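# Coordinate inspection notes
Listed below are the residues making up each chain.
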Amino acid sequence: MTSKERVFAALNGDAADRVPVGPFIGFRAVEAVDADMRDYYTRGRIIAEAQYAMCREIGHDILVSAADTYYISEAFGMETVHHKNALPTVKQPLFNQLEEAVHLKVPDPETDGRMPVYLEAVDEMKHLVGNTKVIRGTGTGPFSLAAYMFGEENFLMMLAEIEYGLRGDKEKHAMHRILEITSDTSLAFLKAQIKRGVDIVYMGDSFASHEMISPALYREYAFPYHKKIFESVHDICRERGCFSLLHICGDNTEILDDFRKTGAGIIEIDQKVDLSAARSIAGPEVNLIGNLDPSGTLLQGSPDEVYDKSIEAMQKTDALAGHFILGSGCFVPLGTPVDNLKQMVKAAEDFSR
């Protein structure tokens, strides 16, 4: 089987020659090519070449275009600082008060911010791998996108003040209006990637984590927009034969069933969540990916530890029955040993035998 056949078989619950492997290798791939970090997140061709180089060395099944988180915010006018050997940082938040943002327009993913960089990355990866590997896109969710533009602490404080009645209905309406704009923006970018041929269209919204906001706040200010986005891409994904994926960092055990109800085709499970619990909550036919600890296991662990944790993850999810991809809980860090990542593939091969 090709990697693409393997991944699609597992996601459809069909027999595959082995459990597919797809660690969240984003900017870690820069170490596989002669480029600095700024080259990586500003040039789609570099992203594609680095991902392809990593894939040839490790043998995993999924190439990932994701790198940084501010490429959409820049389309709204937010100033960032681009560093030669680090990911971008925010120069200053774009807004201070909610009413300043209610008249924002949805930017064009083909021309605005650095969204075109990631669209180029998809085009270049398609050129390099054809239909042999799975291409996973990138996407920032509406809650996180709003938080970046106001400054994360300020945004969460405004949300808390609305929730506890310290701000009125006008501010609450403005908050929802802004989230409508950011969800339409996220959706436009995801659709642009689907049209370019991604196999997994990805949305990460980690500021909507249970570790950042309560389940009640998630259900009012994040869930409706997640559901809107995944329902909106459902038909086009079915038509083009791709899958959608939701990633939210942290221990989200209490709201995992909400993640399932968004309609996302795959749920990425953070390392803080027990995979047995995740499988129990999601059910046997919901697609899961995860959840090796990126720092504690993949970066700092031994090859034997990575192997053992990989076997454990596949056992907990009944991976031979399908609907599971062995992956990492979040981004694989810089400096992660290639030998450790190779052990994920070896473990999948051995487990499948």
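Below, the structure is looked at part by part. (Residues numbered from 1 in each chain as written. Predicted model: local features only at pLDDT ≥ 70, side-chain atom pairs only at ≥ 80, totals over all residues. Heavy atoms only, no water.)

### Quick look at the overall build of the protein chain
Using the following cut-off: Secondary structure elements are defined from DSSP: runs of H or I of at least 4 residues count as helices, runs of E of at least 2 residues count as strands, and each element is numbered from the N terminus. As defined in this context, the radius of gyration uses C-alpha atoms, and a globule is described by 2.2 Å times the residue total to the power 0.38. Only protein chains enter the accessibility calculation, which uses a 1.4 Å probe. A residue is then buried if its area is under 20% of the maximum for its type, exposed if over 50%, and partly exposed in between. Residue contacts follow a heavy-atom distance rule, with two residues in contact if any of their heavy atoms lie within 4.5 Å. Here the accessible surface of atoms and residues is derived via Shrake-Rupley with a 1.4 Å probe, and residues count as covered only by protein chains that are part of the display. When charges are counted, Lys and Arg are positive and Asp and Glu negative, with His and the chain ends excluded. By convention, the charge on Lys lies at NZ, on Arg at CZ, on Asp at CG and on Glu at CD.
Within the protein chain, the regular secondary structure consists of 14 helices and 9 strands. Since a compact globule built from 353 residues should have a radius of gyration of about 20 Å, the 19 Å found for the protein chain is in line with a globular shape. With respect to the principal axes defined by its C-alpha atoms, the protein chain has extents near 60 × 45 × 40 Å. Counting every position in the protein chain, which comprises 353 residues, the buried fraction comes to 56%. Of all intrachain contacts in the protein chain linking residues separated by at least 6 positions in sequence, the fraction that spans at least 24 positions is 73%. With the model as given, the accessible surface of the protein chain reaches about 13,700 Å², and the carbon-plus-sulfur share is 47%. Taking the average location of the 36 positive side-chain charges in the protein chain and that of its 53 negative ones, the two points are 4 Å from each other.

### Focus on the packing of helix α6 (residues 152-163) against helix α7 (residues 169-196)
The following threshold applies: All axes are obtained by fitting lines to C-alpha atoms, using only the stretch in contact for helices, and the reported angles, taken between N-to-C directions, cover 0 to 180 degrees. These descriptions rest on fixed angle ranges, namely under 35 degrees for roughly parallel, over 145 for roughly antiparallel, 65 to 115 for roughly perpendicular, and the rest for oblique. It is the rotation of the near helix from the far one that decides the hand of a crossing: anticlockwise by less than a right angle makes it left-handed, clockwise makes it right-handed. Charged residues are taken to be Asp, Glu, Lys and Arg, nonpolar residues to be Ala, Val, Leu, Ile, Met, Phe, Trp, Tyr, Cys and Pro, and polar residues to be all remaining types, Gly included.
At a minimum axis distance of 10 Å, the contact between α6 and α7 shows a crossing angle of 135°. One element, α6, and the other, α7, form an angle in the oblique class. In this structure, α6 meets α7 at a crossing whose hand is left-handed. Note on element contacts: α7 touches α6 through Glu171, Lys172 and Met175, opposite Phe155, Leu159 and Ile162. A per-class count over the contact of α6 with α7 returns 4 nonpolar, no polar and 2 charged.

### Notes on the packing of helix α3 (residues 44-58) against helix α4 (residues 115-129)
α4 packs onto α3 with a crossing angle of 40° between their chain directions and a minimal axis gap of 7 Å. Put simply, α3 runs oblique to α4. When the axes of α3 and α4 are compared, the crossing they make is right-handed. The residues of α4 that touch α3, namely those facing Gly44, Arg45, Ile47, Ala48, Glu49, Gln51 and Tyr52, are Val117, Tyr118, Glu120, Ala121, Glu124, Met125, Leu128 and Val129. Grouping the constituent residues of the contact of α3 with α4 by class yields 9 nonpolar, 2 polar and 4 charged.

### As for the pattern of salt bridges
Selection criterion: Any carboxyl oxygen of Asp or Glu that lies within 4 Å of a side-chain nitrogen of Lys or Arg is treated as forming a salt bridge with it.
Under the criterion given, the structure shown has 26 salt bridges. Between Glu220 and Lys172 there is a salt bridge, and its shortest N-O distance comes to 3.1 Å. Of this pair, Glu220 sits in helix α8 (residues 215-221) while Lys172 sits in helix α7; the two residues are 48 residues apart in sequence, bridging distant segments of the chain. For Glu220, a relative accessible area of 26% corresponds to the partly exposed category. Between Asp274 and Lys316 there is a salt bridge, with its nearest N and O atoms 2.8 Å apart. You can see Asp274 sitting in the loop between β7 (266-269) and α11 (275-282) and its partner Lys316 sitting in helix α13 (residues 303-316), a full 42 residues away along the chain. Overall, Asp274 belongs to the partly exposed group, its relative accessible area being 36%. Residue Lys316 is classed as partly exposed on the basis of its relative accessible area of 28%. By sharing partners, the salt bridges in this structure join Arg6, Asp17, Arg18 and Asp61 into a single network.

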